[in-house]
Amino acid sequence: MMANGFAPEGPINSNTEPEGPNVLYSTDPADFRYMTVNVPCQSACPALTNIPAYIRALYESKFGLSYEINRIVNLFPGTLGRICSRPCELKCRHGESELGNPVNICHIKRAAADFRPPGHTYLSPRFAPSGKSVCIVGSGPAGLAAAHDLAILGFDVTIYEACHEPGGMLRYGIPDFRLPRDILSEEIQNVLRLGISLKLGVNVGVDISLETLMADFGAVLVASGCYESMKLDVPGENLAGVYPGLEYVMDVAAGYKESIGKKVLVTGAGFTAFDCSRLALRLGAEDVSICIRGFEEDLRVTHDEILEAKREGIKIRSLSLSKQILGSGKVEGIEFQRTRPIERTSGGRRRVQPIEGSEFVVEADTVIVAIGQAPRPLKGGPGEKNDRGVLLADRKTFQSSTPGLYVTGDYLTGPTTVIEAIASGRRAAERIAQDLTGRKFREWAVRIQDFRITDRDRSWDVLPRIEMPTVLPVKDRFLNEEVVEVESGYSSEQAHEESKRCYLCYLHYEIDVAKCIYCRYCIDNAPRDCIKLVKQVLLDETGAVKELVETTNWLDVNAVVIDNSRCIRCGECVRVCPVDCISVSKVELLERPLVQESKA
Amino acid sequence: MSVKRFVIIGNGPAANHAAKALREKSSESRITIFSKDPFRSYSAHLLPDFIAGLIKEEDLYNRSYAHYNEMDMNLRLGQRVVSVDFSKRNVILDHKEVVQFDGLIVATGGKPRIPEQFQLFQDIMLTLKTPLDARMWVEKLRNVESVLIIGGDLTSLSLTKALLKLDKRVKFILNEDSFWPVPLNEEIYRAVTDRLEQRGVEIVHCQRIRRITQLEENLLEVETDREILETGVLGAFFGLVPDVGFLARTGLDIDRGILVDEFLKTRFANVYAAGDCAQVYHPALRDYWVSIGHENATALGRIAALNLAGSHFEVRVEPENILEVGGVKVNTSWWTEF
Amino acid sequence: MKTPARVLADQVNQIQKSGRFSPRSASLPTWCPGCGYFGIHQGLNDCISSLEIPLTQIVTVSGIGCAGRYPFFSNTYGLHTVHGRALPAATGVKLGNPNLTVFAVGGDGDGLAIGGGHLPHIARRNINVNYLLFDNSIYGLTKGQPSPSSPMGTKTKASPYGTVDKPLNATLMALAYGASFVARLFAGDPKGITEALIEGVRNPGFSIFHIYTTCVTFDKNFKTWAHLKEWTHALPQDYDPTDLGRAFNEVLKDDFSLGVIFKRDA
Amino acid sequence: MPEVDFTVEVCGMAGDGTIAAGGLINEAMSHGGFSVLGFDSYPAEIRGFGRCVTNSRIGSNEIVALGEKTHALISLNDEQSRSRTPSLAEHSLVFFDSNPPAYVPEDSSLLSVLPPGAQVFGIPFGALAVGASGASRGRNLTALGGFAAVTGVDPNLFRKVIRDKFKSKGDRLVDINVKSFDAGYEYALEKFSDRLKKIFSKIETGHDPQKVMLSGNQAIGMAAIDAGLKLYFGYPITPATPIMEYLAKYLPEHGGQVVQMEDEISSIGAVLGSFYAGARSMTATSGPGFALMTELITHGVMAEIPAVILDAQRGGPATGLPTKTEQSDLHAAVFGGPGDSARIVIAPTNVEECYHFVIRSFQLAEKYQTPVIVLTDFFLHNRVENRPLIRATEGQAASWNVFPDEAFKDHYQRYADTPSGISPRALPGMQGFNFIATGLEHTEKGSPDYSPENHTKMSEKRHRKLRYSLKDLEKPAEFFASDHLDVGVIGWGSTFGSVLEAVEKSRKNGFKVGALKVTSIFPYHSETIGAFMAKSKRVLVPELNYEGQLANLIAHLDSKPVERLNFVTGTPIPPSAIQNRIEELLEVEAQ
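The present account deals with the structure reproduced in this document. (Residues numbered from 1 in each chain as written. Chains lettered and ligands numbered in written order. Predicted model: local features only at pLDDT ≥ 70, side-chain atom pairs only at ≥ 80, totals over all residues. Heavy atoms only, no water.)

1. Re the interface of chain A and chain C
As a reminder, the rule being used: Contact between two residues is taken to exist if any of their heavy atoms lie within 4.5 Å; hydrogens are not considered. Summed over both partners, buried area is the accessible surface (1.4 Å probe) that two parts give up on being assembled. Here a salt bridge means any side-chain nitrogen of Lys or Arg lying within 4 Å of a carboxyl oxygen belonging to Asp or Glu. Throughout this description, a polar contact denotes any pair of N or O atoms lying within 3.5 Å of each other; where both atoms belong to protein, one of them has to be capable of donating a hydrogen while the other can accept it, and for residues adjacent in sequence the pair is counted only when both atoms sit in side chains. Secondary structure elements are taken from DSSP: a helix is a run of H or I of four residues or more, a strand is a run of E of two residues or more, and numbering for both begins at the N terminus. Note that Gly is not counted as nonpolar here; it falls among the polar residues with everything else outside the nonpolar set of Ala, Val, Leu, Ile, Met, Phe, Trp, Tyr, Cys and Pro and the charged set of Asp, Glu, Lys and Arg.
At the junction of the two partners, chain A supplies 39 residues and chain C supplies 32 residues. Of the roughly 3,100 Å² buried between chain A and chain C on both sides combined, carbon and sulfur atoms contribute 61%. Linking chain A with chain C are two salt bridges. Ionic pairing is found between Arg6 of chain C and Asp28 of chain A, a salt bridge with its closest N-O pair at 2.9 Å. Our enumeration of links across chain A and chain C arrives at eight residue pairs in polar contact (both at pLDDT 80 or more). Mapped onto the side of chain A that touches chain C, the elements with two or more residues apiece are helix 1 (29–38), strand 17 (442–450), strand 18 (507–511), helix 18 (521–525), strand 19 (531–539), strand 21 (559–562) and strand 22 (582–593) of chain A. Top element by residues in the side of chain A that touches chain C is strand 19 of chain A. It accounts for four residues. For the side of chain A that touches chain C, the class distribution of residues is 24 nonpolar, seven polar and eight charged.

2. As for the packing of helix 12 (residues 245–253) of chain A against helix 13 (residues 271–282) of chain A
All names here are of chain A. Filter applied, for reference: Every angle, taken between N-to-C directions, lies between 0 and 180 degrees, and every axis is a line fitted to C-alpha atoms, over only the stretch in contact when it is a helix. The scheme is simple: roughly parallel for angles under 35 degrees, roughly antiparallel for over 145, roughly perpendicular for 65 to 115, oblique for anything else. Note on convention: the crossing is left-handed when the near helix lies turned anticlockwise from the far helix by less than a right angle, right-handed when the turn is clockwise.
At a minimum axis distance of 9 Å, the contact between helix 12 and helix 13 shows a crossing angle of 45 degrees. Considered as vectors, helix 12 and helix 13 are oriented oblique to each other. As for the relative orientation of helix 12 and helix 13, their crossing is left-handed in sense. Only Thr272, Asp275, Cys276 and Leu279 of helix 13 make contact with helix 12, whose side of the interface consists of Gly245, Leu246, Tyr248, Val249 and Val252. The residue inventory of the contact of helix 12 with helix 13, partitioned by class, reads six nonpolar, two polar and one charged.

3. Let's talk about the side chain of Lys461 of chain D
All names here are of chain D. Operational definition: Relative accessibility thresholds used throughout: buried, under 20% of the residue-type maximum; exposed, over 50%; partly exposed, between the two (1.4 Å probe, protein chains only).
By the secondary structure assignment, Lys461 is in helix 14 (residues 452–468). For Lys461, a relative accessible area of 0% translates into the label buried. Those residues in contact with Lys461, other than ones at most four positions away along the chain, are Glu304, Tyr415, Ala416, Asp417, Gly421 and Ser423.

Structure follows, in C-alpha cells:
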C-alpha cells in the first residue's frame, strides 16, 4: 500500500513546529467564529485553505511544504494558482481601506507549484483499508476530490468518465492559454496515484446503468458537473453560426474547431463568455464583443481577466438584452433591447428591466451563447429527479432519495467555481465514508499554539502588490506555433517579495487585562487603530467577540484590548509592552484525524 | 433646522453651476467642492488657443479664488475623492479624510479615453484635457516639428488648427473612434479626410497599430500593419470617458457613466450626477447618452442642484442638441469651423 | 485563543463593577505612553480601592516635574505646589487635619535635588505622610538632564561627557534619615506597589516608597524597562524588615531587591 | 534677479521631529546662501501632548523679523496644523501626510480648513519612511524631501546638513535619514512633476563664509566661551536650558566647567562665589528661576560681587507660559528684590548682539562689581539667524577688573567711596587685601553698620557707581535719523526687528517715521531717549508685555504721552501690527 512512496503517516497540521504540551485543539464554536472573523482569507475559501501557513512556508522558501499545505484541501495548487476565482483576495486584510491592496494569494500558490522540488511529501495520514468500495461518476474537480479523500480514508475507488481523458471541466472547459495541460495532467495523476481506478469513455446511463453500479459498489457518487449549455430562448438560436458557449470551448479543446467568423458577438457574463471570446480571437476573429444585460461591474470574472480581454481588443457592450438572433439561414446579427437597472436582489445580483421601444441591431457573422450551464438529465435509474430528469439530492448530506446514491459538485449545486466543486467533493466523501462505516474519520478543529513574535519587518507593510506578469505585447500571445500561456508566472524572487506582504492573520495577539497598566505604549506604537480603549466587550451567541465598545472617556476605560480584526500582526505592541502582558498564539483552522475509540 | 452639508465632486462647469444654484437656494448650507486637479475651473475649449500662443494661461481660468470666498464655498483643490460610502453618507479622500454629506452631486466630468490596447504606450502619448496637458504640449512643441494624431475627436481637430498655425507637420491616423461621439461612416470619413488633406494634413491609412517605441526624447517610431512612421510627438484622441472609476463597487449604477433618471437622481437619496459623468437614457436614440460640452454641463449642473434643493426639473434635451454632430449636415456645420 | 473571549468579557465586566478605577480622575494622564508612572498610578489606585479609604479623605501633594502632575490624575484632594516643596506642603496638610490620609508624590529631581533638603526633616519629624518617590534617574519635564540618582557617567545633552557625581540612593538616605517605613518598589510590578502601600499607609509615621521607574522618552540607556525587569528581584525569603542593621546591609549590598526594606516596630 | 522672501512653517506634535525638520531647513537654506531667520516653539508638556511649530523666513535680502504670512506649511500632524492656516499666504504650498495611520474625520483634517488657493502636496510621509528605513520615525525627513523637490532646493544642501546632523550617531543613522529624505524627494519629483515651483533654484546666492547659522542660545554660549568663562552654574528651565546644554558640551574643551546645581538659588550663589574668587562665571534662567535668584542678586548688589545672569524671558507671571515669548521681566530685572537694589540691565535685539552683549556683561560686572542682567527672551533664544559674526579677540574680551593699587596694601578698604563709586576689588589670594564681603549694610571697610548716615552714604555710593556705568553702556541707536519725525518708534529686545521692518515699510509708504533702538535698559541714556521723544510728534513703544514696562520706565522723559502697543500673545509682534499702529497715529495726527 505504501509502494507509491507516500509517507505512511504524516502530521495533519501544516506546522513545522512539533506538537507539544503548548498545543491545544479546540472545537468551541466561539473559536470557529473567531477564525471566520479574524482569518478572513481562509474562511472565504470554500475549501478553507490554510492560506497564512502556506504563504509563510513560501516566505521560508519551503516551496514543497507550501504546495502540500495547499494540496491537503484543494488538491490542485498548480491549477488553482492559475484559474481560481480567488474569493480569498476579496477578503484579504491587506486590501482593507487604508492598507493597500490584497496579497496576491492565488499567484503565490502558483509559485509554490512552479518552484517546488520534484517528488511529493504527502502530509495527509492514510487510514487502514475499510474493505468497502465507492464508485464515482465524473472525473472533474468534484469527482477527483471525492475520490482522493475516499482513497485516503481507506476505500477502493473507481471513477467512470465519459470523456477520453480525466479532468472534466478543468480539461475541457478552460482554454489552454489559461491552464497548460501538462500541469493539469500531473496534478490529476497525483490524485489517481492513490490507487484509484479510472474507467475512461464510459457514459454512465448509456454504456452502463446506475443500477449496475449500485449493485457493484457500496456507494455511488454522481459528480458529473454541468454540461448542458443554457439557451437564450429567443428566435433564431438555431441559425447556422450560433454556438452554445461551453460546447464551443470543448470543441476547441478537443481540436474540432479551427476557424471562426470575423465579427463575433458573445452573450454572457462569466468565465465561459470570456474564454469563448479570447478563443475566437486566437482562431482569427477580428471584432469580438461580449454582450451583457447589466454593467461591467457585474461580470463574474476576475479583474485581471477583464483587463487582459480588453487588452486583446475585446469590447464589452453593456445594458444590452438579446431579443432575437437575426439572419436567414445563417446568422447576420442580434437585435438587442436597452435595459435599465432596477433594485438588486437580496442576494446582491443586479436585476435589469428592458426599456420599451429601445430595440437596436448589431451585425455579426458568429454568435456564441455563453450564459451558463446546467446538469444533464440522467436517463433512467434510481433516485428522485426533477422535471428535467436531473437527479436530486440534499445539499448538506449529498444523499439522494435512494440510499447509497449520492450527488456532489456542480451537478448538485448548479455551476460554481472549481474551488467550490473541490470543497463539495471532499465533503461528500466524508459523508459517504461516515455512512458506510458508521464512524467519523476527521473533524475540523482550531489548533492553538503559543508562538514567538514573528520576524515581520514594518517596511513590508508598505510593499506594493506585485501583479501577475503577462505576455506582452499582446501580439506575442497569438503566435501560431504553440499555445502561449498568457500569465507568465512570478519569478521565485517576486513570489518571495509578495509573500512578505501577508500579515499572517493566523497569529493571535492578546493583552492580559489583569496585568495591563493602561500606559497605552502599545497604542502609541500601533500602526493603525488596532488597539482600543474599551469599556465593554460584547459577545455573540457563540461566545466570540462581537464588538469592542470603545470609549474616549478615561473614567470608562476598563481595558486595553487588541482588535484582532484590525491587527496587522506587526508585533510592535509586544516589543514595547512594559509589563509583558501581550501574548501571541498561532491559531489555525484545520482537519485532524479522529482516532477510533477502542472499546476497552 | 441644522445646516446642510453639500458635497460636490468635480470643479468643471457642471460642478460650478451646481454649486452656484445650491448657494442661491440655501444660503446657510455648507458647500464643499472637491477637485482632484490642483488648478481652478478652466475653459477647456480655449486650450488649443493657449497652445497656439493666442492667449495666456491665466486666461484659461474662469473663476477667482475670491469668488469662492464670496460664495462661502469651501473649494478644495488637488484633493481626490477615492470612494463614497452611501450608507454612512460620507466621501473618502485619497489622504484618508472622511467627509460627511447630506447631499452629493457628482460632476467629475470626463477624462481622456485610452483604449486598452494602447494603455501600454500611454506614457509616451499626449492627451489634451487640462491646462497641465496643454502645458506639456507647449513644452513638447518647442522641440518637435512633426505631430502624429491617433484617433481623432473634436478636440484633436481644434488642436490641429493650433498646430498648423504653429507650422507643425501633422499626420492623422483616423479610426473608428474619430469624431467621437459620432460613429464614423464612409461619408464623414471622406469629408473629413478631404478637408484635412486640403489643409496640408497627411492622412495615414492603416488597420491597426502594432507597436510604438520611443527612440529618443523627441523621436517616436510607430509600427502599423502597413508601414513604420516616425514622429516627434504622438497625440491620442479617443474622446473622453466619464471619470467615475472611483465609484466602482459603491452601489451606484455605473455603465459608461453614472446612470441617472431624467431628474439626474441616482439610486441613492439626495445623490445626483451631472455633466459629462452622468448617463441618461434617451428614447429617440434608443440609447443612453453622455452629455458633452460646456452648455450641456452647465444646464445639467444647475438642474441637479435645484432638484437636490427640492425642485423637480426634468432634463429635456432634443436629440440634435445631444449629438450636434449627429448627421452629415450637422457635421459639416462644425467642420466648416476648421 | 489564549484567553477565550468569554473570559475576556467577564474580566472587563468585573473591572467595571469593581470600582477599581474610581481613584482615577477624568483626565487622561499626560505622561508619555509607556511611562512607568502608569504602573505606579495603578498600584496606588488599587491600594486606595482595597483599603476603602474615602477619596475625600485623601490629599495628594506634589511639586514640579512629570510626577508633579499626579494630583491632576487622581480623584482625591490635591495640592500642586512649586518645585521641590511638596514635603513641606504635605507636612502642613497633615498637621492641619490629622484625619486625612496624605500622599506626597515627586520625582527624583524634585525630591532629591531641589527638595532634597526637605526629606531628612520630614523623616526626622515622622509626620504621617506617605511619600512616593518616582525614581527614574532623569529630568523628564525639562527634556532629559541628569538627576541626582543618575549613575556616574550618565550621558545627556547636559552631561555629554558623562556625569561625575555619585548618585544618591534614596532608600539608603531614608534609612539614614530615620524614616519609620521604607519600601523599595518597581513600577513594572503594580501588585507589589499596592501591597507595600497598604502596609505603609497603615504605618502611623512617615513612610517612603522609593519606586524605580523609567522615562521611555529621555532615558534609552539606564532605567529602561528591559534593564529594570532584568535587574530587580524580591528580597531574600528570610528577610526581616524590622532589623535596621540588616536593612542597611541589604541596601548596601543590593541595589535592586524589592519589598518592604524597613519598618520600625510599633 | 528675483527677490525671495519666503516663510516656511513645520508643524507637528512633540515627538514628530518637527523642531529637527525646521532646523534642517534653516541649515540647508543658510548653506544655500540665503538669509534665514527661524523660530521654534514647542510645548512645555511632556512628550506627546503639544504642538510644535518652527517658522523659517528665508530671504535673498537680510531678514530682521519673522514672516507674517506662511508660504509653505509642512504638516507633520494635521490636527495641530489646522491652527496654522490663518497665517497662510495666498497660493501657499501645503505638504501633508496623505497616508496617515487611520481615517481622519473632516473636523480634524487640515485640508478642510485651507484657503481655496492653497496648493496641496500629499505625500505618504510615514509609508515612505517605513519603506526607506523600516520605521516611520523618518517621516519628518521624507517631508523635507517633498518640500525640497517642490520648491526647487538643491537636494545636496539637505543631504549635507542631514549628514552633518547625524554623523555623530553613526553611519547607519545617516544612511537611513538620507534615504528617508530621498524617498520623499523622489516621490515628490515624480508625483508633482508638473507642479514644481523652482522658488529657490532660480536664485543665485553666494555662501558668505562669514555668515554663520546661530541661535540666540548658541551665540550666548559662544560668547561665554570667548569671554573665557570658567564656571557655569545652572538649573534646567525653559527656555534657558539649551545654554547649559551648549556649554556642557563645549566649555570643557576650553578649560571651563558646567555644574548643574540643585536649584536656581544655589546656582546664583555659586556664581557669586566664583566671581568673588576671581573666576568669570554665569548662570542663565528664566522668569520663575530669576525670581528665586533675586534675593541673592541683591546680595551681589549689596556685597558688590560681580555676577552675570541671563534672564531668558517667557510668559508670566509665575509658571505662566513656559514656551511662549514675552518681555515682561523688565521691571523684575531692574527693580526686583529687596531694597534699593538697582543693577545693570542690558538687552540685545538680535542674535549677533546676544554674542556681543554677553561678552560685555562680564566686563561691566567686573568693572562695576554688581550683578549684570542680560535680558533676552524666548524668541531671541530659540530663533536662528545667519549673519556675519565677527568673534571677539582676547583683547576685546579682556577683564575689566579694577584691582586695588599696591599703595593701599594692608590698609585696604574694600568699599572705599570714590568719585566714580567704583571701589577697587581684591581677589582672594592677593596678599594684604583681605576683606569680608557681606550682605549686611557695611562701611567702606566692610564692617556691618546700620547707622542712618552710613546707609545713606553707601546707598548713594552704589547708585553713583551705577550712573557712572552709563559711559560704558551702549547708547540708543537711531535708524532713519531725521530732525523731525511724525512718529518715533522706540523698541527694545527681540521686538526691535519688527519695529525696524515696520518703520522701513511705513517710510516706503511715504511717512516720516524713525526708530530708536534701546539696548541699555538700566541705567538708561535719558538724554538721548528724551531728545528722540522731543523731536517726534508722536512716540510709540511696542512691547511684548501688558504693562508697557519700558514705556513706564521712560515715559517721564518728555511731556507728551507715550503711545503703547502691547501684545501678550506669547508670539513675536508682527511688523504689520506696528506699521498699522504707526499709520493710525499718522491719520489721527492728520485730522
